[in-house]
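Architecture at a glance
So the chains spell out like this:
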Amino acid sequence: MEQLMDISHVSYSYHTMQGETPALSNINFTVHKGDFLAIVGPSGCGKSTLLSLLAGLLEPEHGSIFLYGQKVSQKGNRSIGYMLQHDHLFEWRTVEKNVLLGLEIQHKLCAETRESVLDMLKTYGLYQFKDARPSQLSGGMRQRAALIRTLALKPEILLLDEPFSALDYQTRLTVGNDIGAIIKKEGKTAILVTHDLSEAISLGTQIIVLSRRPASVSTTIPIRFSETLSALERRNSPEFKDYFNKIWKELNKYE
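Quick look at the structure, then. Bear in mind that the values here come from a model prediction, so they are computed numbers and not experimental data.

A short note on the overall build of the chain
Helix and strand counts for the chain come out as nine helices and 10 strands. Structurally, the chain occupies a C-alpha span of about 50 × 45 × 40 Å along its principal axes.

Thoughts on the packing of aromatic side chains
Throughout the structure, instances matching the rule amount to four aromatic pairs. Where phenylalanine 244 meets tryptophan 248, the ring centres are 6.2 Å apart and the plane angle is 15 degrees; that geometry is what we call stacked. Taken as a pair, phenylalanine 244 and tryptophan 248 lie in helix 9 (residues 238-252) at a separation of four residues, close to a single helical turn. Taking the relative accessible area as the measure of exposure, phenylalanine 244 reaches 26% and is therefore partly exposed. The ring of tyrosine 127 has lysine 122 lying over it, and the distance from NZ or CZ to the ring centre is 5.0 Å.

Focus on helix 4 (residues 111-123)
In a regular helix each residue adds 1.5 Å, so 13 residues correspond to 18 Å; helix 4 covers 18 Å between its end C-alpha atoms and thus fits that length. For helix 4, the elements touching its buried residues are helix 2 (95-99), helix 3 (101-105) and helix 5 (139-151). Of the residues trailing helix 4, glycine 125 is marked for its positive phi of about 75 degrees.

Section: the sheet that holds strand 9 (residues 206-210)
The strand order across the open sheet built from six strands is 6-7-8-3-9-10, with neighbouring strands paired in mixed fashion. Strand pairing shows two members of the sheet lacking a second neighbour, strand 6 (80-83) and strand 10 (217-222), which therefore form its edges. Across this sheet, the average inter-strand angle for adjacent strands is 15 degrees, counted without regard to direction. Of the strand pairs in this sheet, strand 3 (residues 36-40) and strand 9 are connected by four bridges, and their pairing is parallel. Considered in strand 9, the bridge of leucine 37 is made with glutamine 206.

Quick notes on the sheet that holds strand 5 (residues 70-71)
Taken together, the four strands give an open sheet; going across it, the order is 2-1-4-5, and neighbouring strands pair in antiparallel fashion. Each edge of the sheet is formed by a strand with only one pairing partner; in this case those strands are strand 2 (19-32) and strand 5. By the bridge criterion, five bridges tie strand 1 (residues 3-16) to strand 4 (residues 62-67) in an arrangement that is antiparallel. Directly across from methionine 5, in strand 4, lies its bridge partner leucine 67. Against the sheet, helix 1 (residues 47-55) contacts strand 1, strand 2 and strand 4, and its axis sits at roughly 60 degrees relative to strand 2.

Quick notes on the pattern of salt bridges
Across all of its chains, the model carries nine salt bridges by this definition. Put simply, glutamate 156 and lysine 33 hold a salt bridge, and the shortest N to O gap is 3.3 Å. Of the two residues, glutamate 156 is situated in the loop between helix 5 and strand 7 (157-161) and lysine 33 in the loop between strand 2 and strand 3; the sequence distance between them amounts to 123 residues. Take lysine 33: its relative accessible area is 34%, and that puts it in the partly exposed class.

Structural notes on the environment of arginine 93
Note on placement: arginine 93 falls in the loop between strand 6 and helix 2. Sequence-wise, arginine 93 and proline 134 are 41 residues apart; in three dimensions their C-alpha atoms are separated by 8.0 Å. Each residue touching arginine 93, except ones within four places of it in the same chain, is listed here: Asn98, Leu101, Glu104, Ala132, Arg133 and Pro134. A distance of 2.7 Å separates a polar atom in the side chain of arginine 93 from a polar atom in the side chain of glutamate 104.

Examining the side chain of threonine 49
Mapped onto the fold, threonine 49 is located in helix 1. Given the relative accessible area of 9%, threonine 49 is considered buried. Within the local environment of threonine 49, its side chain forms a polar contact with the side chain of tyrosine 14, the two groups lying 2.6 Å apart. Setting aside residues no more than four positions away along its own chain, threonine 49 makes contact with Tyr12, Tyr14, Ala23, Leu24 and Leu58.

The rules behind these values
- Counting of residues starts from 1 at the beginning of each chain's written sequence and follows it residue by residue.
- Owing to the predicted nature of the model, reporting of local features is limited to residues with pLDDT of at least 70; listing and counting of side-chain atom pairs is limited to 80 or more, with chain, interface and lining totals taken over all residues.
- Only hydrogens and water are set aside when side-chain values are computed; all heavy atoms of the structure are taken into account.
- In this text, helices come from DSSP runs of H or I with a minimum length of four residues, and strands from runs of E with a minimum of two, each type numbered from the N-terminal end.
- Centres within 6.5 Å are what make two rings of Phe, Tyr or Trp a pair, Trp counting through its six-membered ring; a difference in plane orientation under 30 degrees is then read as stacked, over 60 as edge-to-face, and the rest as tilted.
- Partly exposed residues are those whose accessible area sits between 20% and 50% of the maximum for their type, while under 20% is buried and over 50% is exposed, using a 1.4 Å probe and protein chains only.
- Two conditions define a charge sitting above a ring: the NZ of Lys or the CZ of Arg must be within 6 Å of the ring centre, and it must be within 35 degrees of the ring normal.
- Here the expected length of a helix is defined as 1.5 Å per residue gap, with one fewer gap than residues.
- Should any heavy atoms of two residues lie within 4.5 Å, those residues are considered in contact.
- In this analysis, strands are considered paired if DSSP registers two or more bridges between them.
- Interaxial angles span 0 to 180 degrees and are taken between N-to-C directions of axes, which are lines fitted to C-alpha atoms, for helices over the stretch in contact.
- When a carboxyl oxygen of Asp or Glu is within 4 Å of a side-chain nitrogen of Lys or Arg, the pair counts as a salt bridge.
- Under this definition, polar contacts are N or O atom pairs within 3.5 Å; protein pairs additionally need one hydrogen-donor-capable and one acceptor-capable atom, and for neighbouring residues in sequence, both atoms have to be side-chain atoms.

Printed below as a string of structure tokens:
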């Protein structure tokens with residue numbers, strides 16, 4: 001598969017008046033086109049910091065991050081889409097205007113791009129709500145709208161920072177299944193940060209387990225299920241328990 005992103009010897013520390021706090025140490029991995037990487041690790045190990053580095057929101061103190069051979073920097077990279085824990089939909093805009101917002105900001109809104117977004121609203125069950133306000137949507141529908149807003153910009157890679165954490169458990173299962181299916185259907189590459197091991201296994205093609213802070217890559221575990229299985233169906237597969245136990249054992253080394 002084509003290599004999309006290369007993360008090489010990346011380290012990062014936070015600096016305050018009280019001193020230096022190392023967050024990440026010598027992180028190395030590659031991302032290939034079509035991958036769905038899930039990053040897990042002990043609480044507070046620096047998972048979200050790593051995602052901020054991949055997005056170009058922070059600069060590595062050591063090492064490098066390249067996307068298609070171009071260095072990712074704080075100047076911004078429009079090939080990267082970032083989906084946060086909260087949907088950040090604006091109540092004073094309709095659903096349609098919310099999902100078109102990124103195109104407006106980047107001056108890419110035209111008849112063709114608008115039609116593409118409306119097609120996604122139809123495909124993913126939100127077209128009938130295009131004139132509604134965000135408060136009229138369920139939590140799962142809001143997350144689908146947030147994903148469509150991100151996909152509208154046609155990013156090469158999606159960064160997902162615990163995007164389902166604000167949802168109740170049942171909704172979280174359904175939305176995770178829906179968003180996993182959308183990302184697969186759109187042929188996107190994704191990196192997910194999550195505390196939920198079951199979520200990581202049900203969505204990922206590969207799981208990166210981080211050590212305690214300062215985090216390094218403890219192990220990388222390929223995830224193999226039948227291509228026909230949805231995220232929800234993966235949870236009922238016999239392999240699921242084996243993957244869960246393997247990752248749990250790895251994480252327990254740091255407890």
